[in-house]
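Here's the letter readout for the chains.
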Amino acid sequence: MMNLIMLGAPGAGKGTQAAILNQKLGIPTISTGNILRAAIKDGTPTGLKAKEYMDNGQLVPDDVIIGIINERLQEDDCKNGYILDGVPRTIGQAEAIDKAGIHFDAVIALEVSDEEIMQRMGGRRVCETCGASYHLVAVPPKVAGVCDACGGKLVQRADDAPETVKSRLDTYHKETEPLKAYYAEKGILHVVENQATLEDTTAKILEVLGQN
Ligand code: AMP
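Residues numbered from 1 in each chain as written. Predicted model: local features only at pLDDT ≥ 70, side-chain atom pairs only at ≥ 80, totals over all residues. Heavy atoms only, no water.

A. Local environment of the overall build of the protein. Each helix and strand counted, the protein has nine helices and eight strands in total. Taken against the 2.2 N^0.38 rule, which gives 17 Å for 212 residues, the C-alpha radius of gyration of the protein at 16 Å falls within 12% of a compact globule. By its C-alpha atoms, the protein is 40 × 40 × 35 Å across when sized along the principal axes. Counting every position in the protein, which comprises 212 residues, the buried fraction comes to 43%. Looking at the protein as shown, the accessible area adds up to about 10800 Å², and 50% of this sits on carbon and sulfur atoms. Averaged over its 22 positive side-chain charges, the protein has a centre that lies 4 Å from the centre of its 30 negative ones. (Helix = DSSP H or I, 4+ residues; strand = E, 2+ residues; numbered from the N terminus. Rg over C-alpha atoms; globule rule 2.2 N^0.38 Å. Buried < 20%, exposed > 50% of the residue type's maximum accessible area, 1.4 Å probe, protein only. Areas by Shrake-Rupley, 256 points an atom, 1.4 Å probe, with all protein chains shown as cover. Lys, Arg positive; Asp, Glu negative; His and termini not counted. Charge placed at Lys NZ, Arg CZ, Asp CG, Glu CD.)

B. Looking closely at the packing of aromatic side chains. Throughout the structure, instances matching the rule amount to one aromatic pair. Seen in terms of ring centroids, Y182 and Y183 are 5.0 Å apart; in terms of plane orientation they differ by 85 degrees. Their pairing is edge-to-face. Its relative accessible area of 17% is what places Y182 among the buried residues. (Phe/Tyr/Trp six-rings, centres within 6.5 Å; stacked < 30°, edge-to-face > 60°.)

C. Broad picture of the site of the ligand. Around the ligand, a shell composed of 16 residues is seen, among which T32, R37, Q58, G86 and Q93 lie nearest. In this structure, R37 approaches the ligand through a side-chain N or O atom, which is 2.9 Å from an oxygen atom. Measuring from an oxygen atom of the ligand, one finds a backbone N or O atom of Q58 at 2.6 Å. Split into classes, the residues belonging to the shell around the ligand amount to six nonpolar, five polar and five charged. (Near = heavy atom within 4 Å. Polar contact = N/O pair within 3.5 Å; in protein donor to acceptor, adjacent residues only side chain to side chain. Nonpolar A, V, L, I, M, F, W, Y, C, P; charged D, E, K, R; others polar.)

D. Highlighting the packing of helix α4 (residues 62-72) against helix α5 (residues 91-99). Where α4 contacts α5, the two axes come as close as 10 Å, and the packing angle between them is 35 degrees. The handedness of the crossing between α4 and α5 is right-handed. On α5, the residues touching D62, I65 and I66 of α4 are G92, Q93 and A96. Within the contact of α4 with α5, the residues separate by chemical class into three nonpolar, two polar and one charged. (Axes fitted to C-alpha atoms, helices over the stretch in contact; angles between N-to-C directions. Left-handed = near helix turned anticlockwise from the far one by under 90°. Contact = heavy atoms within 4.5 Å.)

E. Here's a closer look at the sheet that holds strand β7 (residues 154-155). Read from one edge to the other, the open sheet built from three strands follows the order β6-β5-β7, with strand pairing classed as antiparallel. A single partner strand is all that each edge strand has here, and the edge strands are β6 (133-135) and β7. Across three bridges, the pairing between strand β5 (residues 124-127) and β6 is antiparallel. Across the sheet, R125 pairs through a bridge with Y134, a residue of β6. (Pairing = 2+ DSSP bridges.)

F. Quick look at the sheet that holds strand β2 (residues 29-31). Strand order in the open sheet formed by five strands is β2-β3-β1-β4-β8, with parallel pairing between adjacent strands. Each edge of the open sheet carries a strand with a single partner, namely β2 and β8 (189-193). For this sheet the average axis-to-axis angle between neighbouring strands, irrespective of direction, equals 25 degrees. When strand β1 (residues 2-8) meets strand β3 (residues 81-85), the two strands line up parallel, connected through five bridges. Among the inter-strand pairings, I5 is bridged to a residue of β3, identified as L84. Set on the sheet, helix α2 (residues 32-42) makes contact with β2 and β3; between it and β2 the angle comes to about 60 degrees.

As structure tokens, this is what we get:
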């Protein structure tokens, strides 16, 4: 049983590292970004509410996110633990998760400079069907434009446009970065600096988790 949080700027590699960890640790990744994108695609009421915030690079209101998480963590596949990717993103969300009585073993804060984030984002592609994440250079799919996992089409996220990335980074520094102090105080924060390759970053994460 292991409950983890992946913390970090947009494009820091949370989803990519979470996908590797979920293979190694046998626990699912819960990404609120993926859940919201699926809701938008399906035209659900939650999707309709979230779309404008997401298009503008702003955070979706806490009550929407807390509702999604409370529901998702009750599903069967979460029984042996899970990796939260992209949530919590505000102190309000973290407090709500605490109040629900959920305990975390570790919070991994992936540190990547804003300059590097801006460079990376142009190469990101996501599967429009299953949400899997790729990068044209760092994590290329086996067949260009096609998801390795499900055969779905790979697309660029609308909110990966440079201007939107800038406002998402601002939001990250203002709203999400304070979570580092929040979890440091609980003694579960592990800062992992970006390494030369993504495999090296995975190795650092496994080291801090004592899983190497
Ligand atoms: P992500 O895929 O994690 O980069 O999320 C994409 C967008 O979804 C974000 O820019 C937000 O608009 C929204 N979002 C995802 N997770 C959260 C969250 N925990 N709190 C608020 N907004 C979120």
